[in-house]
Amino acid sequence: MRYLPLTDGDRRDMLAVIGAKSVDELFKDVPTAARLPGKIGGLPDHQGELEVERAFQAYAARNLSPGSAPFFIGAGAYRHHVPSAVDYIIQRGEFLTSYTPYQPEVTQGTLQYLFEFQTQVTLLTGMEVANASMYDGSTAASEAVLMANRITRRHKALLSGGLHPHYRRVIETTGRWEGFSAVAGKADAQGLEDLIASIDKETSCVVVQNPSFFGHVRDFTKLAAACHAMGALLIAVVTEVVSLGLIKPPADMGADIVVCEGQSIGNGLGFGGPYVGLFATREKYIRQMPGRLVGETVDAEGRRGFVLTLSTREQHIRREKATSNICTNAGLCALAFTVHLTLLGEAGFKRLAELNHAKACELAECVADVPRVSVLNDSFFNEFTVRLPKPAAPVVEALAERRILGGVPVSRLIPDEPDVENLLLLAATETTTEHGMAPLVAALKEVL
Amino acid sequence: MVQSLDRSQGRIGGAAADATPAPAACATFTGNRGLQIEEPLIFELGQPDRCGVDLPEPSRTKDRLNGLRRAGEIGLPGLSEPQVVQHYTRLSQKNYAIDMGVYPLGSCTMKHNPRLNEKVARLPGIGDLHPLQPVSTVQGALELIDSLAHWLKTLTGMPAVAMSPAAGAHGEMCGMMAIAAALEARGERAQRKIVLAPESAHGTNPATAAALGFTVKPIPANERGRVDLAALKAALGPDVAAIMLTNPNTCGLFENDIIEISQAVHAAGAYFYCDGANFNAIVGRVRPGDLGVDCMHINLHKTFSTPHGGGGPGAGPVVLSAALAHHAPYPWIVKDGDRWRIAEEGGEVAGTPLGRLKAFHGQMGMFTRALAYIMSHGANGLRQASGDAVLSANYVMAALKDVMSPAFEGPCMHEALFDDSFLKDTGVSTLDFAKAMIDEGYHPMTMYFPLVVHGALLIEPTESPAKEDLDLFIGALRALAERAAKREHLDAFKTAPRFAPRRRLDETLAARKPVLRWRPSNRPPEGDPLKQAAE
C-alpha cells in the first residue's frame, strides 16, 4: 500500500520493542465482542492511482461541467476565473499540509497570510476588525446573529425577505435549537421591503443582504439608524463579494456586523464547498466575536511576528463559556482569497467588479427582448430576477436538456411561496460571453 | 536501545547540537538568515499602478447600481504576479508541514495528504460544478457523495449519515441538535437538560452542549485514564440528555467499559454522542455502531486525510443510529430508480428533520478527497493504517518510557501521552521542552492537553512516518529528555526556539493591545530587521 511505509520487518521489530506479539494485542482494551477479526466485508480492497483516477473521471463524466456549457447560475455561488498562481500557492505543501498555527514560531507563514486576509476583509467591508474566516457565508450569518444576541442581550432576529433562503434556514435552525426567534419577511422579489416598522425593543438584530437574493442593490442607511435607535444591530450579508468593488460598502451604510461569502475570490464553485466566510465588525465588539483572530506582536528579539490571539473567547480555553464552538475555520480557502485579491489589487478588483456589472447589464438587455419575459430589477450587480410566463423549474430543466445552465428557479430555494414559481435568477460574470448569451436567448424563445 | 543514531548524520546529540547561536552582534545586514527571508506585508509592498491580472476593458453601459456606487479608494495594494508568487512562497517557507516530516500533534492526526486527492478534487466536472445546477446535470456528483456515505456507514456500522456539517465542531452541533430533536419528539427536552462529558473532553464538547442550552456536568476519570464508571452511573438519571464521549479518548486510550457505558446511558433514557476525532485509531477494526453509539461526527481531515490547510477547511459528516436518523438535517441524497436527487426543504418530509446547517450540500471538495483516500486504501488498507498508527504510537511510548513519563499504564491506541513528571525539578517546563523540539527540526506535540494530565505532552505519530523517521524522532526526544535530566544547557530549553523563523512570541502583548489588521501607521517594531533594512 503506497501510503504506508512500515514493512512487515519493521512491524516485527517494533512489536519486539513494545513487547507485544501482534498488533491485535494492542487492541486488547476493545471488548472482544466489538473487535472485528478481519477486514470489513463487502468493501473493495486497495487500488492504485490509475484505477482511482479512472473512477473519478467516470463520476465527472456523468456531470455537465460549467466550462462546457453557457452558464448563468448564481444564487450565492459564482463562477469566476481564478488565476493560475492561486492554485499553485495553495497547493504548496507548507500551506496545504500544516495545521492551525498553535506553535507560532513555525507557522508564521499561515499567521501572516491570515493577518493579511483580516486586513483585506476590513478594507472591502469598510469595517474595523475581521476574523481569520468562518466555514462559509451562511454559517457566518448565523454566528453574527448569535453575536448580536450576546451584545444586545435580546433574542429576536428580524430576517429580510431579500436574504438568501438557505441563510435564512441556517439562522432559523440555529435559533430553534439555541433558543432565539428568527422572524423572516416574505420573499422580497421586487426589492421594496421596508423593515423599519417591524423593529421593536426585543429585536437584537436585523439581517439584510446586499445585493439581495433577488439581486436588488439597496441603501440600508435609514434601516441602520432605525436599528440603532431601538438598540438593535444591523447585520449586512454579502453573498457576492466582488460587488464590493463597485457598491458602497456596508460600513458606510451603518452596518454593525458584515458577513460575506468569499467564494467568488480565489475559490472554485466546488459543488457548494468548501467556501470561506468573511466576518467583520466594529472594534468595540472584538471580544464578542466568534472564530480565530490573528494579532501582531513581537518575538524575543523584538522582531514583528503574528500569533493567534484573544483565545479566551474560544472553546479550547473557555469550554462551555466560549463565544462559539468553532475550532476549524477555512484557512486554505482564506489563503486562496488572499492570494487572488492580492493579484487583483485595487485596480484589478475594481475592474473585475465593473466587468461583472457590465456583463450583467448586457444579459439583462438580451433577456428583456425575449417575448413575455420581464426583468424585475431596476438595480442589480451581476445577478437579477426575471419573471417568466410559466413556472421556472421545468424551463431550467428544458434548458439543461439543450446543454444550457440557465439560472436558478427561485422555487428551488423558496418552495413554499407560490408567488415565486415563475421567477428565475440569472447571473453573469467576467466568464460570460456573447457566445453564451445568444444560445440562452434563442433557447428561452423556444421553450417559453 | 532500538533507535539507531547511525542515520542521523550528526543531527542528534553530540557537540554540533550544542553549538551556541551566532550572537546578535553578528546579525546580517538584511535581517535574512540564509534561506530564512524576512518578508514584509503585502500592504508594504504594493504600488497603486501595479496589477497581477490582465482584465479587458468593460463595455461602457449606464450603471444600474441605484446610485450606490462605491466612492474613494479601497486601499488594496497592487502587486505583479511574480511579486505575489515570491511573497507567498517566502511565507510558506516559514511553516512546518506534514510534507516536511513527523508532525506529532496529538489529537490532530497529521497524516500524509496524498496528491491524487488534490488532483481528482480539481477534475472538470467535479471541482467546477455549481451546487444549484439542475440535478439532471450532476448525477455523478450525487453518486460520488452517496458512495462516500456508503463507506462511512459501513465502516461505522451505522444506518444513516448527515453529510452537510462543515467541520468536526459543526458535526458535533448537528449530532447534539439531533439529540435535542429526538428528546423534543419524546416530549422530554425540557426535562433532560444535563449533558455528561469527561473532564478530558475536547473544548468543543462543552461549548456545543452549552450553546444548545444544556448544562454540562463533568465526569471524573479514574486512575487508568478512563471514565469512572461508578461516577457515571451515579450521574445518570431522568434529567440527563446525553453523554459526549471521545473514544478512543483524548488520553489515547480505549474506553474498555464502553459497552457497559452505552447500556447504562440508554437504560437511563439518554443518548450516546461519540466524538469521532479519534476514529482513525480504530477504523476497519471496530465499528462504533457495535458499541451502542447514537451519533458520531467524523473529521474527514483526520481519519481520511483531507488536508488541514493551516486550520481548515474541514468536513464533519455525522453518522446516526436508527433512533436519530429521521432527525437528520437537510439536504440528503435520494435514489429514485436509476436517478439521484436531492431532498430539500419543501420536498417530501421523512421524519422530523432538525433543519439546515449550511448553505448548499456540504463540503464536496473534502468528500472527493476523502473518497479518493478511502478507495486507495480499500477495506484492507484502512485496517492496516489504523493498525500501523496504533503500532507507531506504542513504539514511541515503549522507546521513550525510560526517559519520559507515560501518563498511564498499558498499551495506548494511536497517541502516546506523557505527563511532565520527568521534567520535575529540572527547571524545564512542558512548553520549554516543546519549543526545544522546534530547534531539532520537529513540530512540537500537543501540549497541556488533555487537561486531566499535568503538563501533558500528547504525541500522535500516525501511520505515515517510516520506521527510520520515527527512530530519528525518538532519538531527538531522548536526547532532549536526557539533557533536561542532567540539567545541562538548560538555556537551550529556556531560549528555544533559537533556529526558527521567530523566537518566542509575546502573546500577552498581542492580547493586551490587539493589533488585528495592518494600517498605514503600523510600523515594524524597533529591532525589526524589516524596519532596519528600510532605513
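Owing to the predicted nature of the structure, the values given are computational and were not obtained by experimental measurement.

Quick look at the overall build of chain B now. When its secondary structure is counted, chain B shows 16 helices and 13 strands. By the compact-globule yardstick of 24 Å for 535 residues, chain B fits well, its C-alpha radius of gyration being 26 Å. Taken along the three principal axes of its C-alpha coordinates, chain B extends 75 × 70 × 45 Å. Counting every position in chain B, which comprises 535 residues, the buried fraction comes to 59%. Restricting the contact set of chain B to residue pairs at least 6 apart, pairs at least 24 apart contribute 73%.

A word on the sheet that holds strand β13 (residues 457–459) of chain B. Residues and elements named next belong to chain B. Spatial ordering of the open sheet is given by β10-β11-β13-β12, a layout of four strands whose pairing is antiparallel. One side of each edge strand has no neighbouring strand; the edge strands of this open sheet are β10 (405–406) and β12 (446–447). One ladder, built from two bridges, connects β10 with strand β11 (residues 416–419); its direction is antiparallel. Counted as the bridge partner of S405 is D419 from β11.

A few words on the domain arrangement of chain A. All names here are of chain A. By the assigned domains, chain A splits into domain 1 (66–82 + 346–447) and domain 2 (84–339). On a C-alpha basis, the centres of domain 1 and domain 2 stand 27 Å from each other. Facing 28 residues of domain 1, the contacting portion of domain 2 comprises 28 residues. A per-element tally of the side of domain 1 that touches domain 2 places helix α11 (residues 331–368) first, with seven residues. Across the side of domain 1 that touches domain 2, the residue classes break down as 15 nonpolar, eight polar and five charged.

Residue and element names in this part refer to chain A. With five of five residues buried, strand β9 (residues 304–308) is to be regarded as a mostly interior element. Neither face of β9 is left uncovered, since the one carrying R304, F306 and L308 and the one carrying G305 and V307 both have all their residues buried. Both strand β8 (residues 294–298) and β9 contribute to a ladder of five bridges, which runs antiparallel. By the bridge assignment, E296 is partnered in β9 with F306. Hairpin geometry of β8 and β9 is characterised by an intervening segment of five residues between the two adjacent antiparallel strands and by a positive phi of about 80° at G302.

Reading the values: the criteria
- Residues numbered from 1 in each chain as written.
- Chains lettered and ligands numbered in written order.
- Predicted model: local features only at pLDDT ≥ 70, side-chain atom pairs only at ≥ 80, totals over all residues.
- Helix = DSSP H or I, 4+ residues; strand = E, 2+ residues; numbered from the N terminus.
- Rg over C-alpha atoms; globule rule 2.2 N^0.38 Å.
- Buried ≥ 20, exposed ≤ 12 C-beta atoms within 10 Å, placed from the backbone.
- Contact = placed C-beta atoms within 7 Å.
- Pairing = 2+ DSSP bridges.
- Domains from an automatic or database assignment.
- Nonpolar A, V, L, I, M, F, W, Y, C, P; charged D, E, K, R; others polar.

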